[in-house]
Amino acid sequence: QVQLVESGGGLVQPGGSLRLSCAASGIIFSLYTMGWYRQAPGKQRELVTVITSGRSTNYADSMKDRFTISRDDAKRTVYLQMNSLKPEDTAVYYCNAHRETWSATSPNDYWGQGTQVTVSS
């Protein structure tokens with residue numbers, strides 16, 4: 001059974017920091033690009049950042065200089081360090097695992113349940 005479990009969300013003041021974690025099980029972690037997406041109320045889910053198995057990264061422009069993604073393959077965990085948080089960062093943050101080699105017989109994407117991040121004074 002594949003599971004992606006996010007943790008670390010919560011309430012933080014503007015300018016503050018949070019570190020999210022996503023623990024994966026049931027997949028060969030090293031075969032997957034890991035990513036973070038977010039969805040604010042009334043809005044579509046959007047990409048925050050991804051990190052490949054080779055540790056290449058991409059960031060959405062609004063988060064590029066404030067957020068950092070990292071992965072620990074030994075722990076099968078991906079992290080999102082969020083600094084200088086703004087109220088507009090308020091959203092449910094979702095962990096994603098994307099298989100780098102497409103499979104015709106198995107799912108190529110898995111999603112976590114999400115963790116709420118609220119930035120407010």
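Before reading on, note that the structure itself is shown above.
Before going into details, it helps to say that this report is about the structure given with it. A quick note: this is a predicted structure, and the numbers were derived from the prediction, not measured. (Residues numbered from 1 in each chain as written. Predicted model: local features only at pLDDT ≥ 70, side-chain atom pairs only at ≥ 80, totals over all residues. Heavy atoms only, no water.)

Side note on the pairing of strand 9 (residues 91-99)
Sheet topology places strand 4 (residues 32-39) next to strand 9; eight bridges connect them, and they run antiparallel. Bridge pairing in strand 9 places Thr 33 opposite His 98. The pairing of strand 9 with strand 11 (residues 115-119) spans three bridges and is antiparallel. Bridging across to strand 11, Val 92 finds its partner in Gln 116. Two strands pair when backbone bridges link them, and strand 9 and strand 10 (residues 109-111) are joined in this way by three bridges, in the antiparallel orientation. Counted as the bridge partner of His 98 is Asp 109 from strand 10. (Pairing = 2+ DSSP bridges. Helix = DSSP H or I, 4+ residues; strand = E, 2+ residues; numbered from the N terminus.)

A closer look at the nonpolar core
Here is a general trend for soluble globular proteins: nonpolar side chains tend to be buried in one another's company. With 29 residues, the main nonpolar core has Met 34, Trp 36, Met 82 and Tyr 93 as its most contacted residues. Among the secondary structure elements, those contributing two or more residues to this core are strand 3 (18-25), strand 4, strand 5 (46-51), strand 7 (67-72), strand 8 (77-82), strand 9 and strand 11. Not counting chain neighbours up to four residues away, the residues in contact with Tyr 93 comprise Glu 6, Leu 20, Trp 36, Tyr 37, Arg 38, Val 48, Phe 67, Leu 80, Met 82, Gly 114, Thr 115 and Val 117. (Core = buried A, V, L, I, M, F, W, Y, C linked by side-chain atoms within 4.5 Å. Buried < 20%, exposed > 50% of the residue type's maximum accessible area, 1.4 Å probe, protein only. Contact = heavy atoms within 4.5 Å.)

Focus on the sheet that holds strand 1 (residues 3-7)
Here we have four strands laid out as an open sheet, ordered 1-3-8-7, and antiparallel in their pairing. Each end of this open sheet is capped by a strand with a single partner; those strands are strand 1 and strand 7. Taking each pair of neighbouring strands and ignoring which way they run, the sheet shows an average axis angle of 15°. (Axes fitted to C-alpha atoms, helices over the stretch in contact; angles between N-to-C directions.)

Side note on the packing of aromatic side chains
For the structure shown, the criterion picks out two aromatic pairs. On the basis of an interplanar angle of 55° and a centroid distance of 6.3 Å, the ring pair of Tyr 32 and Tyr 110 is categorised as tilted. Of this pair, Tyr 32 sits in strand 4 while Tyr 110 sits in strand 10, and the two are 78 residues apart along the sequence. On the basis of relative accessibility, which here comes to 5%, the residue Tyr 32 falls in the buried class. Ring centres 5.0 Å apart and planes at 65° place the aromatic pair Tyr 37 and Trp 111 in the edge-to-face group. Linking Tyr 37 in strand 4 with Trp 111 in strand 10, this pair joins segments that are 74 residues apart in sequence. By relative accessible area, Trp 111 is classed as partly exposed at 39%. Taking NZ or CZ as reference, Arg 19 lies 4.1 Å from the ring centre of Tyr 79, over its face. Sitting over the face of the ring of Trp 111, Arg 45 holds its NZ or CZ atom 4.6 Å from the ring centroid. (Phe/Tyr/Trp six-rings, centres within 6.5 Å; stacked < 30°, edge-to-face > 60°. Lys NZ or Arg CZ within 6 Å of the ring centre and 35° of its normal.)

It is worth stressing that arrangement in space is one thing and function is another; only the former is reported here.
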